[in-house]
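Topology and contacts: notes
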Amino acid sequence: MSSPQTACMETVLQKGHGKTLRMENVEIDEQSRLTVSARPFARGYKMLWPLLTILLLLPILMRNIGKGEFNYNVDETQHACTGQYVADLLRDHPILHPLAYTYIYYVHYPALSGVVHWPPVFYAVEGIVFLLMGASVVTARLSVLLFAVVGLWFWFRLVEKVHSARVAFVATIVLALSPCFLLFEKTVMLEIPSAAMCIVASYFWISFLKQKDNFNLYWFSFTVSLAMLTKQNAVYLVLFCFFSLTGLQQWNLLKRKSTIWSLLIIICVTGPYYLLLSSMHWSTIAGDLTEKHISALQQLAFYWAAVPGLVGWPLLAIALVGGVTCFAWNSRENNIFFLSWILSVYVMMTLIGHKEDRYVIYFVPAILYFAIWPLVMPSNRNGWVRVAGCVLLFGVVLSTVRSAWGFNRPYVSGYAPVARDIRRMGDSGVILLDAEIPANLIFFMRNEDTEHRFVLLRKALYSVRIKEELGSEEYLHTPEDLKKLMREDGIRFIVVSNRPPDNFPVEMVLRDLLKTPQFRLVKQYPVEGNSREWANYSLSLYENLDAGPPAAQDLVVPMMTLDHDITVPFVKLGITPLADKVVAQ
């Protein structure tokens, strides 16, 4: 007899030949109703854990976010300037002539290596942030932090999926505050945006392998496309899929129509960019892929030697113990996931000729995953080992938090005042620039130049093809060459550093010429930084007293990465009094 809390249902289905199918005692009790009603709360509670974890991390990640200017090699300044370009592109929307608009923009502000050479996803996000909040050092770093938050969120969800929220909490803190992640979370580079999108893609791939559903496969195809359009290094994900499928012996999972559709999504989303990249920059790409400056043995060992600096020795020591003992405390499936992750990054980056430690930031999450073993080891087995491991891990995490709080990213200060003073001295002008990280000044000059009336000459003296190993060329040699340049291009302002940034003879020729009566020293600007290279470094602003309108009709910018130089008529650059003459006509 049914209780008052139980609803019984009996259904009789009649079929042919008088056969009866009977379904009875289908019970829906009060407990089931409570379970169903609690699901929205459970989902909200599940979302609360990663949110609280990230909120706890934000004070550390945002500490000193406004301190200093851009200074992580030349790339950081280039990434910031490319974000400015995207913001201007969205604001001006030159639909009918985007290429001509880009050429003119580059002549004004020659710091756009992000256009074509690097994929567009980060710049699109950065450009939107600049458009909404204004272009500044802070908003550029916030753009990177947005990607960091997304990556940490999905890292939490991934570890929670294979273990628990408690384990994911510790794993997320450890990852966010590890030395390499902390550095690039505070730096305007592509490492964190790219690593974050790779973590998102890995989350959906592992979810697909566990749940074997089309939903996660389609999401993987979309997110791996975004990862490939954030930085080319995400190509290691192809090997990750291969190694994980092989290790799990689950190639049969791809025998479905959704696999073809997923591949088509990836090809359609990423194909246009990579076709454009290969057609315009193939020689540069080939140079990076085939670069060899160390022996084969050194190439094999290069990235393993970089691991201690990326994760720190204390966390690495715990992770090594976890890696050696992983088959005792972890499932075979999880081990295959994360070992495949490490192996795929190592193999792909080792195959690429050009090497830098930061290129293997992608396997840091998987390495640090093995540091959580004390939290996962069964309590009924070697209990004292588990307790000792937890105490050690807790101590290392506390030490990591303390170290992260005191961490300062590489920074420099002193370029922004130069841009402000130039703007105060005139409404327009041509500026010759020869100093370290020239795009730093270009970034701040663009902020001051709201009407696009200043032109910065970064490559008038010499040019380097991204890096000196790929080629360079010196265009001018004598004081007469420099005077001709200043006359033809109408150069009014010259900004130089007290130490030449490169080893071209024309740099010293220029500095000697600036000591003649034709030039007036306006001001010297001390440059401060927290690394040794900036000790006793300064910028000097000079004014050319003989400056007049450009004598040449066109401004030519040499382009070593293209098959042609960029040529723009001076009348299109908004330089007064030329701009006034155009209006009068």
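Summarised in this report is the structure supplied together with it. For every chain, the first residue of its written sequence is number 1, and the numbers climb from 1 along that sequence. Local features in this predicted model are restricted to residues of pLDDT 70 or higher, and side-chain atom pairs are both shown and tallied only at a pLDDT of 80 or more, whereas totals for entire chains, interfaces and linings draw on every residue. Calculated side-chain values reflect all of the structure's heavy atoms, with hydrogen atoms and water omitted.

1. Some remarks on the nonpolar core
Using the following cut-off: Nonpolar cores were defined as sets of buried Ala, Val, Leu, Ile, Met, Phe, Trp, Tyr and Cys residues, with membership established by side-chain atoms within 4.5 Å. Buried means the residue's accessible area, taken with a 1.4 Å probe over protein chains only, is under 20% of the maximum for its type, while exposed means over 50%, and partly exposed covers the values in between. Here a helix means four or more residues in a row that DSSP labels H or I, a strand means two or more in a row labelled E, and each is numbered from the N terminus. Note on definitions: a residue-residue contact is assigned when non-hydrogen atoms from the two residues lie within 4.5 Å.
By size, the foremost hydrophobic cluster in this structure holds 189 residues, and its most contacted members are Trp155, Phe338, Trp341, Tyr415, Leu432 and Ile494. With 15 residues, the top contributor of residues to this core is helix 5 (residues 137-162). With near-sequence residues (within four places) excluded, Leu432 lies in contact with Leu457, Ala460, Leu461, Leu485, Met486, Ile491, Phe493, Ile494, Val495 and Leu510.

2. Structural notes on the side chain of Lys231
Here Lys231 shows up in the loop between helix 9 (214-228) and helix 10 (236-248). Here Lys231 is in contact with Trp118, Pro119, Leu190, Glu191, Ser194, Tyr274, Arg358, Tyr359 and Tyr362, once residues within four sequence places are set aside.

3. Description of the pattern of salt bridges
Using the following cut-off: One speaks of a salt bridge when a side-chain nitrogen belonging to Lys or Arg is within 4 Å of a carboxyl oxygen belonging to Asp or Glu.
For the coordinates displayed, the defined rule picks out 17 salt bridges. Note that Glu76 is salt-bridged to Arg409, the shortest N-O span being 2.5 Å. Remark: Arg409 occurs in the loop between helix 18 (383-405) and strand 3 (412-413) and Glu76 occurs in helix 2 (residues 73-92); sequence separation between them is 333 residues. We note that Glu76, like Arg409, is buried. Notably, a salt bridge pairs Arg358 with Glu191, separated by 3.0 Å at the nearest N-O pair. With Arg358 in the loop between helix 15 (332-351) and helix 16 (364-369) and Glu191 in helix 8 (residues 191-211), this residue pair connects regions lying 167 residues apart in the sequence. With respect to class, Arg358 is no different from Glu191; both count as buried. In this structure, a network of salt bridges that share partners links the residues Asp75, Glu191, Lys231, Glu356 and Arg358.

4. Concerning helix 9
Here is the rule we go by: To estimate how far a helix should reach, multiply one less than its number of residues by 1.5 Å.
Relative to the 21 Å expected for 15 residues at 1.5 Å per residue, helix 9 spans 21 Å between its end C-alpha atoms, a close match to the ideal helical length. For helix 9, the full list of buried residues reads Asn216, Leu217, Phe220, Ser221, Thr223, Val224, Ser225, Ala227 and Met228.

5. Brief notes about the packing of helix 2 against helix 4 (residues 121-133)
What counts here: For every element, the axis is a line fit to its C-alpha atoms; helices are fit only across the contacting stretch, and the angle between N-to-C directions ranges from 0 to 180 degrees. Comment on the angle field: the value is read as roughly parallel under 35 degrees, roughly antiparallel over 145, roughly perpendicular from 65 to 115, and oblique elsewhere. Crossing handedness is read from the near helix: turned anticlockwise from the far helix by less than a right angle, it gives a left-handed crossing, and turned clockwise, a right-handed one. Asp, Glu, Lys and Arg are counted as charged, while Ala, Val, Leu, Ile, Met, Phe, Trp, Tyr, Cys and Pro are counted as nonpolar; the rest, among them Gly, fall into the polar class.
Running from N to C, helix 2 and helix 4 point in directions that differ by 65 degrees, and their axes come no closer than 7 Å. Here helix 2 is positioned roughly perpendicular relative to helix 4, judged by the angle of their axes. As helix 2 packs across helix 4, the resulting crossing turns out to be right-handed. The residues of helix 4 that touch helix 2, namely those facing His79, Ala80, Thr82, Gly83, Gln84, Val86, Ala87, Leu90 and Arg91, are Phe122, Tyr123, Ala124, Glu126, Gly127, Ile128, Phe130 and Leu131. Its residues assigned to classes, the contact of helix 2 with helix 4 comprises 10 nonpolar, five polar and two charged.

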